[in-house]
Amino acid sequence: MVSVFYKDSGDKLYVKKERCNRDNETVIEMQLKQDLPLPRTFELTRFLVTSMTFLVNIKHVTISLDGAVLSRATKSRKKLNKSIPIPEHMVRTSWDRTMSIKSVQLISQEVEVVFAENSLVGAPKIPIARVDLEESERNPTKLQAFFSTKTEGEVTPRLNGKVAAPKYPGAASEAQSLKGSASFSTKYFIYSANVTVSASSALEKGLESAMKKRLPKDFPFEMVFFDKEEHDKQTEIEDDDSGFGSVFCGAQGLCPRLQGEHAPRIFIGQSTTQTTGMACHMSGRFIPTVERGSIDLSNGHVAKWNKELLYIGGFLARMAYDLEMDKIHNAWSTLGKTGAATELALYTMKSFTFNHSTPDPMVSTFIKDVFFCCSTTNDFLLLSDQGIRPTKDIRHYHVDFAPFMQTTPVLQSALRAEITSMVGVLPEKLRVRPYSFKDVVNELKSRCLTEQEMAACLRWWTNTFGNHDTLTEELKKCRDELLKAGKADSGGKEIKLSVIKKFIEGRMLNTRNSDDPLPEDTIPPALIQGLNNPYRIRDALGWQEMPITHWLRFLTDAKLDQAHDIRRSPNFASHVLTVLGALWHGLPDDSHSEIKEILEDVAFIPTTSSDRHCMHRPNEAYFPEADVFRDLPVVRQEIFQDSRMAIILEYLGVQRRCDIHTFISKAMTGNRWDAIDLARYLMSSPEHTHHVMQLELFPCSDGRRRLIHEVFASTETNRVLGLPIVNCEYWDAGYEAQFLVRYGLREYPTIEELITIASVSDRQARQAAFSYLCGPQYEARLEKEFDPLRFATYPFIPGIRNNEPCFISHEEVFSDSSWTLFGFGRLPDRLDKKVIPKLKIRDRPTAAKLFEVLESNPPKDPATAARWFQFLAQKGVFSAGEFDKIADLKIVPVPKSALEQQEPDRVTPRECFLKSELDPADPFYQRLFKFVDFGPNANAFLKACGVKERPECIDILKVLLKDPQEFYRMAESPEKYLSELRMIAAGHKSFPKTLVEKMRKAAIFLGCQRGKGPEERDVYKLCKVEEVLVADDMESCRTFGDCIFIAPQEELLERFYSEMRVRSLSACIKYTVDPRGEIQESRSPNADNLRQSITDKIPIFLHEFDEQRFRQGMRVLGWRDQTQFFVRACKHLRVTKRLEFEHATIRPGDEQYNTELSAETDVKDGVNVLWIKDPKPDSYDVASALCRLLFATYKKNDVLSLMTILDTPIDVLERRGYDVQRILKEYDDNLCKAGNGKTIPNGLQAPNAAPSPKDGPAPPRMGVPRKLAKWLQWLHKDPKLGEVKLSDIDGSIDKVKEVMNEPGGKDNTHISNREQVGGGKKQKNVGYCDEKKVAENDLEECADKQIGQIKVWKLKGTVSDVPSKEREAFGMIISDLAKVFGVNQTRCHVFYHTSDSSLMGFNRNDQIFFGLEHYIQNHKEGSLGKAYIDWYYIMAHEMAHVHTPYHDEHHELLFAALTTKYLAELHNLPAVRDMFNCVPRP
């Protein structure tokens, strides 16, 4: 037994343990410090019922007074299942991992309370809250009862330590007394968690120190939850005014009131004053504060323990919430229809809505935080308009989305106030979100919207994004996605927004019917209800207003039902016209035209026709006033109720009057109506006139119907001419006749018609037409309008041909009768001579007509040809260009033999030549060519046509190429053939490229093969390029000359053969050097001496040649360097030559030849070696060996030149004019440059080149004194000669112009472009501009070939003449360019140099020489404009040499400035403008 007491009237409570006897009941005897009244039975029972909730072992509580039972409470517990499954997403462990929830059980607990009869007498209807003590406990007179509001006068006195029975007021009490017993019962659920403890040692020690006992290993944590049914039951009992209320409700009651007073509390065995903030009581091993009114959340380990326990409470609350919401979700299908499910969900949400807890508000905060955070999932169930759904699927209600977002759950706006307290405190991850664009797209994809829903959806999108001027790319993507997903049901048809492109604007919307069919790309108006701003629709949806033309095309093209078929339904057609009338005046002209084009072939006009069909095309329908004979399809009268329809119908083609031909066909049958009668009708109906005059309506005398402008007045003259006259009984000059004339009726024919009649009709009509044409009526018109060229081929002129009268065309009859020689006609003698000027008859034919006669009917025999050519020479009809065309006609008859009976051959003038007694033709040429002689005058005509006095080089070549073997046979000897071949070789540079290619492929190259023995003769043969060789190696030629064909050994022919790509003999010879008995250097002074001589003099020899002649690397070979060249001596030098030529006629084994030489070159270990035979080699062998080393091909003159230089002392060479020191210095400089990796210029010649050794000793005029003077002049050269400064470029141009504007002459001694000392970075040996290639005394003037003021020169010894045609064309180009630059033309010259086409020109003493050969090879057959441009730059290049002689940077600067300055003048040349397709200059 435990005694609890106060000692010495103090405040401390003491406990004393004593032993007592056990009995069936536990007696608690409590000594009070002061007297208290007995509590009311109802309130005491309610307190005890609440207190026994979590006391598992207390099942019955009875309240007795003096042995009389006042009330009895019975509690029963029942576990509904073993345990509730805890979802994996629930976090079982508390914050600090001190506690862990092992399992959760759901317990059903029932409590039944029975009150004894009369035990409730005096019980209040409404429970009165407990009143606090007014004074301290030490004043017992002021204390109240524990559960009562009574004062001290009502307190039952304490007698001998026992409590006396209370005194109840009797009849004075307002309370109702019960007769018999009263019972109360309730059933609720307890969520019990089995919690295990795993505290840290620090926490465990701290709690032991605070509580003086050890922590439990596990313990239960329980939470009471009343379901809605029980809650509503107890609330109903509590609120029933007829009873005492519920014993389970009230201030100390177990059943809480949602969001009201008497909030649930935390139990620590018994109830504390700490509320939970929600609708559930909780019981656990909490540690209270000292006052035991709340739990300690502020003191160290105790606070930590209590917070961990609060985690268990939040966890149980979440478990209960999820379980209850799942039940509602599962039962929603059955309960949702009655609304019970919504009420259950609201009750559950309110039960777990957290309010402010007292006295410590942190308790509800901790529980709430755990409630939301103890789950790792975001699926928090909540009530929506579509049942219980996770918050992630629920959206906030929005008025714009509500009409069409039907499948997306939302928070019901009607319940917003009831659920705001929970929804508002949801953490971020569990929040209810507003609608997103993805939600809208998913909604559209999920179903087909109704018209109202789609209209609401489009209103939302348009109102949201329709104010943007231009949607961003992101918004456009969203719009496209929205339209792609959207579909709606409109009028029983599914409308897909993805195909919609157009909408109906306001005016048309107001006039159309709701059931009018629309194109598939146009949205029905019902789907855009409320969208009255077309600008927003365009901006937000990208749609355009549907033009009425689009609708009309749909109505005419689509297959519609009969009620909406514009061709079959008059009512619908009338409606369409009404819509069109309402919109017509607001449409642009282009739309009017398009509407007409759409409807013109559609039978949609409702008419009152008597035909079967009452629908007609516009041009088949008529206005009512047109129905004169009442048989026309007339537009229905009701259509004209709109006054605007008349304008529209007339525009569409509805006729106001019947067309005239229909009218006439109805009024007059046949063709016998009078044109005058028609005129009278048209004069009264002018609106038909234009239409009638365009019809073939008028019957004529020939039985045909014609247009008005094709018929003539009914006059006698027109009848005789056979013209189609109008059907008219009598023609006069009245108003009707003038009316017809005004609209096109012809009173008389035109000149062309008269000429046509005179050309093709019968003779009587032709005579009448010619007489009428030459009459006074047409005299003035002939002078102004007659064009002979227009009627050149019309045979309308009476004349005589071949002595027979006939009609002759204008181009074949002439006033000069002598032209009958060519078959032309002449005018008859009786013809009035005044006709000749009237008809503009010429006195001679045109050149084109004569050309046609010569081409189609050339002279038949030489006699006729002589007369024709003599006559044409006297008349002088043709121009130079026309003569050039005649040159290609076969008009020259050439007899085949002396027999007159044989028909002559006809050849072109270019194919024959004139006979000359003064210069009789070569018999060989007589066999090759055709020679003619028609007399001096006729021959003059033929010369103008291209007949040459003698054959030229190109003529000979053409004959040769036709049949080389026949040509060779006719030459009768190789020498004669070679003489012709020399002429071809001299002039081949001027031949066209195509001809040159034919030469290279033909067997025209004469080769000579030496006889096999002394008695055998040499063999000559015409070879192709690959079958003959040029003998550049005499020794090899002697060796192999009897088995190969060698080119004639003449410089001209050898160069010609080489240019035709004939190989050289040396290229086909392979040498093998076999020196034997080599002599050491110390024992062979001859080798050293020879090497010294070579190294000293070889640069002088090299100086004479261009770079292209040498083998690669030989130009800059280090002759003094032992690693590049040395000389070795031997006793015997054996050389083997091997011929490698596929066309050699040689026996096997004879292609190799062994010989003993005195000198030969070889390559040993990459070093060039000259082997010599001791004691002294032959100079010719040494020179030959070195030439083979230096050149790919060489000539005998090269060997002789090198031999001469090697054998001549240096001082002798200097006396002969060689500038040895200068040459050697340049050679050394170039070797240094090559050693430093610099590019060596192509040319290494001295400024004043020495004469070639092949020319022998220098002439006396080039003696030592003159050479010395040139050398001194070189020493005193100004180093700034030719310098051009950018700052003074205009001054340099002016200096050039000043020189070039003066007349030219031979005495001008200004500088030239010959390379001189000084200058900048020179480009030496610029081959296209090299004066040295043509010596001054090498040119001879062609005085008779001068082109204006431009002189023409040719190279001395040139066999072929300067080509006349090319000379004239080239001279014209140079003359025009001289005008462009403002150059005096006397300073321009043309030279003909057949051997070098690369030489464009040069500047000699400020005289510019232009190469005709370069023009022939590059511009003769090309574009004239390109030729002007190329020679423009060449002329500028040579003009720059007037100021600077060098090809350096100064020359380039001045050249660029000159070409830039005169570009505009160049562009003004017609040929250049044509090349760039420029508009011709006025």
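Just so you know, these numbers come straight off a predicted model, no measurement behind them. Each chain carries its own residue numbering, running from 1 in the direction its sequence is written. Note on the predicted model: pLDDT of at least 70 is required for a residue's local features to be given, and 80 or more for side-chain atom pairs to be given and counted; whole-chain, interface and lining totals, by contrast, use all residues. Derived side-chain values reflect all non-hydrogen atoms in the structure, with water molecules and hydrogen atoms excluded from consideration.

(A) Region of the structure containing the overall build of the chain. Helix numbers and strand numbers start at the N terminus; a helix is a DSSP run of H or I with at least 4 residues, a strand a run of E with at least 2. Scanning the chain for helices and strands turns up 49 helices and 44 strands. In this scheme, a residue with accessible area under 20% of its type's maximum is buried, one over 50% is exposed, and one in between is partly exposed, where area comes from a 1.4 Å probe on protein chains only. Burial status across the chain gives 48% buried among its 1482 residues. Pairs of residues are marked as contacts when any of their non-hydrogen atoms sit within 4.5 Å. Intrachain contacts of the chain at a sequence separation of at least 6 include 67% that bridge at least 24 residues. Every accessible area reported is derived by Shrake-Rupley at a probe size of 1.4 Å, with residue values counting cover from the shown protein chains alone. Carbon together with sulfur atoms contributes 49% to the accessible area of the chain, which is approximately 75800 Å² in total.

(B) Fine view of the pattern of salt bridges. Within this document, salt bridges are pairs made up of a side-chain nitrogen of Lys or Arg and a carboxyl oxygen of Asp or Glu, the two lying within 4 Å of each other. Inspection of the entire model under this criterion finds 53 salt bridges. Between Glu 716 and Arg 719 there is a salt bridge; the shortest N-O distance is 3.3 Å. Taken as a pair, Glu 716 and Arg 719 lie in helix H20 (residues 716-720) at a separation of three residues, close to a single helical turn. Of the residues examined, Glu 716 reaches a relative accessible area of 53% and is grouped as exposed. Looking at Arg 719, the relative accessible area reads 42%, which means it is partly exposed. Taken together, the shared-partner salt bridges connect Arg 801, Glu 811, Glu 812, Lys 849 and Glu 852 into one network.

(C) How the structure looks around the sheet that holds strand S40 (residues 1339-1341). By this definition, two strands are paired if DSSP reports at least two bridges between them. Pairing is mixed across the open sheet formed by five strands, whose spatial order is S40-S41-S42-S44-S43. On the outer flanks of this sheet lie S40 and strand S43 (1401-1404), each paired with one strand and no other. Within this sheet the neighbouring strands show an average axis-to-axis angle of 30 degrees, counted without direction. Relative to strand S42 (residues 1388-1392), strand S41 (residues 1351-1355) is paired through four bridges, and the arrangement is parallel. The residue of S42 that forms the bridge with Lys 1351 is His 1389. Here helix H46 (residues 1424-1440) sits on the sheet and contacts S42, S43 and strand S44 (1407-1411); the angle it forms with S44, its principal contact strand, is near 145 degrees. For helices, the axis comes from a line fit to the C-alpha atoms of the stretch in contact; other axes are also lines fit to C-alpha atoms, and the angle between any two N-to-C directions lies between 0 and 180 degrees.

(D) Broad picture of the environment of Lys 392. Looking at where Lys 392 falls in the secondary structure, it is placed in the loop between strand S14 (387-390) and helix H7 (416-423). On the basis of relative accessibility, which here comes to 45%, the residue Lys 392 falls in the partly exposed class. Between the C-alpha atoms of Lys 392 and Leu 382, which are 10 residues apart in sequence, the distance is 9.7 Å. Here a polar contact is recorded for every N or O atom pair within 3.5 Å, except that within protein the pair must consist of a potential hydrogen donor and a potential acceptor, and residues adjacent in sequence are included only if both atoms are side-chain atoms. Only 3.1 Å separates the side chain of Lys 392 from the side chain of Asp 379, close enough to count as a polar contact.

(E) Spotlight on the nonpolar core. Among the nonpolar cores identified, the biggest contains 95 residues, and Phe 352 and Leu 382 are the most heavily contacted of them. The element contributing the most residues to this core is helix H4 (residues 300-335), with 15 residues. Counting residues in hydrophobic clusters, the runner-up holds 46 residues, among them Ile 1289, Phe 1370, Tyr 1432 and Leu 1469. Only buried residues count toward a nonpolar core. Its members are Ala, Val, Leu, Ile, Met, Phe, Trp, Tyr and Cys residues joined through side-chain atoms within 4.5 Å.

(F) Spotlight on the packing of aromatic side chains. Only the six-membered ring of Trp is used, alongside the rings of Phe and Tyr, when aromatic pairs are assigned; centres must lie within 6.5 Å, and planes under 30 degrees apart are stacked while those over 60 apart are edge-to-face, with the rest tilted. Tallied over the entire structure, the rule returns 64 aromatic pairs. With a centroid separation of 4.7 Å and an interplanar angle of 90 degrees, the aromatic rings of Trp 819 and Phe 871 are classed as edge-to-face. Taken together, the positions of Trp 819 in the loop between strand S25 (813-814) and strand S26 (825-826) and Phe 871 in helix H27 (residues 862-875) put the pair 52 residues apart, joining distant regions of the chain. Its guanidinium or amino end placed over the ring of Phe 807, Arg 766 lies 4.0 Å from that ring's centre, counting from NZ or CZ. Whether a charge sits over a ring depends on NZ of Lys or CZ of Arg being within 6 Å of the ring centre and within 35 degrees of the ring normal. Over the face of the ring belonging to Phe 1409 we find Arg 1404, whose NZ or CZ atom lies 6.0 Å from the ring centre.

(G) Structural detail: the sheet that holds strand S4 (residues 68-79). In space, the eight strands of this open sheet follow the order S3-S4-S5-S8-S9-S12-S10-S11, with mixed pairing throughout. The strands lining the two open edges of the sheet, one partner per strand, are strand S3 (60-65) and strand S11 (270-275). Direction aside, neighbouring strands of the sheet carry axes that sit 25 degrees apart on average. Pairing of strand S10 (residues 265-268) with S11, which is carried by three bridges, proceeds in the antiparallel orientation.

(H) Up close: the packing of helix H8 (residues 437-446) against helix H10 (residues 473-485). Where H8 contacts H10, the two axes come as close as 8 Å, and the packing angle between them is 20 degrees. Classified by the interaxial angle, the pair formed by H8 and H10 is roughly parallel. Residues Phe 437, Val 440, Val 441, Leu 444 and Lys 445 of H8 pack against Cys 478, Glu 481, Leu 482 and Ala 485 of H10. Here roughly perpendicular refers to angles of 65 to 115 degrees, roughly parallel to angles under 35, roughly antiparallel to angles over 145, and oblique to all remaining angles.

(I) The arrangement of the environment of Asn 857 in detail. Tracing the backbone shows Asn 857 in the loop between helix H26 (847-856) and H27. A relative accessible area of 38% means that Asn 857 is categorised as partly exposed. Separated by 35 residues in sequence, Asn 857 and Phe 822 have C-alpha atoms that sit 9.0 Å apart.

(J) Fine view of unusual backbone geometry. The omega torsion of the bond from Thr 358 to Pro 359 falls at -5 degrees, within 30 degrees of zero and hence cis. Even without a glycine there, the phi angle at Lys 212 is positive, about 65 degrees. Looking at the element boundaries, Lys 212 is found in the loop between helix H2 (201-211) and strand S9 (218-225). Residues other than glycine seldom take positive phi values, yet Asp 1406 does so here, at roughly 65 degrees.

(K) Inspection of the packing of helix H22 (residues 751-760) against helix H23 (residues 763-773) at higher detail. Between H22 and H23, the least distance of the axes is 7 Å, while the angle of their chain directions is 145 degrees. As for how H22 packs across H23, the hand of that crossing is left-handed. On H23, the residues that touch Ile 751, Leu 754, Ile 755, Ile 757, Ala 758, Ser 759 and Val 760 of H22 are Ala 765, Arg 766, Ala 769, Phe 770, Tyr 772 and Leu 773. When its residues are assigned to classes, the contact of H22 with H23 shows 11 nonpolar, one polar and one charged. In this scheme the crossing of two helices becomes right-handed for a clockwise turn of the near helix relative to the far one and left-handed for an anticlockwise turn of less than a right angle. Under the scheme applied here, ten amino acids are nonpolar (Ala, Val, Leu, Ile, Met, Phe, Trp, Tyr, Cys and Pro), four are charged (Asp, Glu, Lys and Arg), and all others, including Gly, are polar.

(L) Main features of helix H5 (residues 340-351). Given a helix with a known number of residues, its expected span is that number minus one, times 1.5 Å. With 12 residues, H5 extends 16 Å from end C-alpha to end C-alpha; this agrees with the ideal 16 Å at 1.5 Å per step. Among the residues of H5, those classed as buried are Ala 341, Thr 342, Ala 345, Leu 346, Tyr 347, Thr 348, Met 349 and Ser 351. At its buried positions, H5 is contacted by S9, helix H3 (228-239), H4, strand S13 (381-384), S14 and H7.

(M) Main features of the confidence of the model for the chain. On average, residues of the chain score 80 in pLDDT, and 85% of them are at 70 or above. One confidence number per residue, pLDDT, is output by the predictor and ranges from 0 to 100. Across residues 127-180 the pLDDT falls below 50, and counting only partners more than four positions away or on other chains, this stretch makes 71 contacts in the model. Note on residues 1236-1279: pLDDT is under 50 here. Beyond four places in sequence and across chains, it has 63 contacts.

(N) Representation of H22. Taken together, the buried positions of H22 are Ile 751, Leu 754, Ile 755, Ile 757, Ala 758 and Ser 759. For H22, the secondary structure elements touched by its buried residues are H23, helix H24 (779-785), strand S23 (795-801) and strand S24 (804-809).

(O) Molecular detail of a negative patch on the surface. Patch membership needs two things, relative accessible area over 30% and no salt bridge, and members are linked within 9 Å if like-charged or within 5 Å if nonpolar (Val, Leu, Ile, Met, Phe, Trp, Tyr). The charged-residue count follows a simple rule in which Lys and Arg add positive charge and Asp and Glu add negative charge, with His and chain termini not counted at all. Where a charge lies is defined by one atom per residue type, namely NZ (Lys), CZ (Arg), CG (Asp) and CD (Glu). Residues Asp 1288, Asp 1290, Asp 1294, Glu 1298 and Glu 1302 make up a contiguous surface patch of negative charge. Within the secondary structure, Glu 1302 sits in the loop between helix H43 (1289-1301) and S40. For Glu 1302, a relative accessible area of 42% gives the class partly exposed.

(P) Examining the side chain of Glu 238 more closely. Its place among the elements puts Glu 238 in helix H3. For the buried Glu 238, which has no salt bridge, the nearest side chain bearing the opposite charge is Arg 46, at an N-O separation of 5.2 Å. Here Ser 246 takes part through its backbone nitrogen, which lies 2.8 Å from a polar atom of the side chain of Glu 238.

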